[in-house]
Every structure is written in C-alpha cells, then in structure tokens.
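# Coordinate analysis (summary)
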Amino acid sequence: MQPHYEVAIVTVVALLVYVWMGLRVGGARKVSGIAAPAMHGDAHLERNIRVHYNTLEWLPIFLAGLWLFAIYWDDRIAAALGVVWIIGRIIYALGYVADPGKREAGFLIQMLAAAILLFGALGRVIWAMLQTGTV
C-alpha cells in the first residue's frame, strides 16, 4: 500500500485552514456583537461567513480530486496542487474579507488547482479503463 504522506499532510492543512476560517467567523461575531444563529447585520461578519461557507462548498471537490489524482497519477504533483489550492483559499479569504472585489485572484487560483486535480483524475481513470479494456 502506498502511504500518500504528502497528500495526507496537505489534507490536514486544508482542514486546518477551514478551521481557521471558522474561528475568524467567531471572532467577527464577537466584534460585531451578533450572536448565532443570526447571519447578517454586519458586513465584516457576513464576509467571513461567506468565505467559510464558500470554502465548505469547495472542500468536497478539492479533497476528492486531490486523493483521486494522487492514486491515479502522482502523490507529489497532487500535493503540490493541493498547496496551490490552499494558498488560493487563503488569498481568497483575506481578499474577500478586506473587500469583496478583491476575491477573484484567490478564487481563480483555487478553482484552477481543483479543476486540474479533478479532471486530471477523471482523465486518468478513463485512460486506465480504456487501456485495460474495462470500457
């Protein structure tokens, strides 16, 4: 069994970044004085919530692509693309919270990394199926 060390580390770091974003929501709630379950009333809180939720929306796409790419292509390339995704999410988070108009660069970085992982894995699986006559 291949251990996938690098991909495992990237997975944990990505989840820790997600936790960091959740903690930022809590901090924004404290500063704004808006207690849960309220979701609006302060722009800073709303931007932090949106960053957190948008990251949750992307995590299944990213994690599935990351692991499938590692299994069917290469661990180190998957891990490197995973680091790019994490950096993109951080850039997105910091930009969006500062000014929603500054979220595009981080979003595009993470979207591209996720797309390469996901579609790269899909392409490799289809190729393997064709090579083995499974299709």
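Data block above holds the structure.
In every chain, residue numbers begin from 1 and rise along the written sequence. The predicted nature of this model means local features are confined to residues of pLDDT at least 70 and side-chain atom pairs, given and counted, to a pLDDT of 80 or more, with totals for whole chains, interfaces and linings taken over all residues. To obtain the side-chain values, all non-hydrogen atoms of the structure were included, while hydrogens and water were left out.

## Here's the deal with the overall build of the protein
- Put simply, DSSP H or I for four residues or longer makes a helix, DSSP E for two residues or longer makes a strand, and each gets a number counted from the N terminus. Scanning the protein from terminus to terminus reveals four helices and zero strands.
- Along its sequence from the N terminus, the protein presents helices and strands in the succession α-α-α-α.
- Overall size of the protein, expressed as C-alpha extent along the three principal axes, is 60 × 30 × 25 Å.
- Burial analysis of the protein (135 residues in total) assigns 36% to the buried set.
- Across the protein, the fraction of contacts at a sequence separation of at least 24, relative to all contacts at a separation of at least 6, is 68%. Here the term buried applies to any residue with accessible area under 20% of the maximum for its type, exposed to any over 50%, and partly exposed to those in between, with areas from a 1.4 Å probe on protein chains only. In this analysis, two residues are considered to be in contact whenever any of their non-hydrogen atoms come within 4.5 Å of each other.

## Re helix 1 (residues 5–32)
- For a helix, the expected span equals 1.5 Å multiplied by the residue count minus one. Over its 28 residues, helix 1 runs 41 Å from end to end, which matches the ideal 40 Å to within 8%, given 1.5 Å per residue.
- The inward-facing, buried residues of helix 1 contact helix 2 (43–72) and helix 3 (75–98).
- Note on helix 1: the residue one or two positions beyond its end, G33, has a positive phi of about 80°.

## Re the packing of helix 2 against helix 4 (residues 104–132)
- Close contact between helix 2 and helix 4 brings their axes to 8 Å; oriented N to C, the two are set at 40°. With respect to helix 4, the axis of helix 2 lies oblique. Both helix 2 and helix 4 take part in a crossing whose hand is left-handed. Within the contact between the two elements, helix 2 uses N54, W58, I61, F62, G65, L66, L68, F69 and Y72 and helix 4 uses F107, Q110, M111, A114, I116, L117, L118, G120, A121, R124 and V125.
- Among the residues forming the contact of helix 2 with helix 4, the class breakdown is 15 nonpolar, four polar and one charged. Only the contacting stretch of a helix is used when fitting its axis, a line to C-alpha atoms as for every element, and angles between N-to-C directions run 0 to 180 degrees. For classification purposes, an angle smaller than 35 degrees is called roughly parallel, one larger than 145 roughly antiparallel, one from 65 to 115 roughly perpendicular, and anything else oblique. Handedness of a crossing follows from how the near helix is turned relative to the far one, being left-handed for an anticlockwise turn of less than a right angle and right-handed for a clockwise one. Classes in brief: Ala, Val, Leu, Ile, Met, Phe, Trp, Tyr, Cys and Pro nonpolar; Asp, Glu, Lys and Arg charged; the others, Gly included, polar.

## Quick notes on the packing of aromatic side chains
- Each pair of aromatic rings taken from Phe, Tyr and Trp, with Trp reduced to its six-membered ring, is defined by centres within 6.5 Å and is described as stacked if the planes are under 30 degrees apart, edge-to-face if over 60, and tilted in the remaining cases. A full pass over the atoms with the stated rule returns five aromatic pairs.
- The interplanar angle of 80° and the centroid separation of 5.6 Å between the aromatic rings of W58 and F107 together place this pair among those described as edge-to-face. A residue pair is termed long-range when its members are at least 10 positions apart, and W58 in helix 2 and F107 in helix 4 qualify at 49 residues.
- A residue is classified by how much of its surface remains accessible, and W58, at 15% relative accessible area, is buried.
- Where F62 meets W85, the ring centres are 3.9 Å apart and the plane angle is 5°; that geometry is what we call stacked.

## With respect to the side chain of N54
- Mapped onto the elements, N54 comes out in helix 2.
- Taking the relative accessible area as the measure of exposure, N54 reaches 7% and is therefore buried.
- N or O atoms within 3.5 Å of each other form a polar contact, as long as, within protein, one can give a hydrogen and the other can take it, and as long as residues adjacent in sequence are counted only when both atoms are side-chain atoms. Polar side-chain contacts of N54 include one of 2.8 Å to the side chain of R89.
- Apart from the residues lying within four places of it in its own chain, the contact partners of N54 are R89, Y92 and F107.

## Considering the side chain of N48
- Following the sequence through the fold, N48 ends up in helix 2.
- Those residues in contact with N48, other than ones at most four positions away along the chain, are R24, V25, A28 and V97.

## Regarding the environment of L45
- Topologically, L45 is positioned in helix 2.
- Residues L45 and V97, spaced 52 residues apart in sequence, show a C-alpha to C-alpha distance of 8.6 Å.
- With near-sequence residues (within four places) excluded, L45 lies in contact with V25, A28, R29, S32 and I34.

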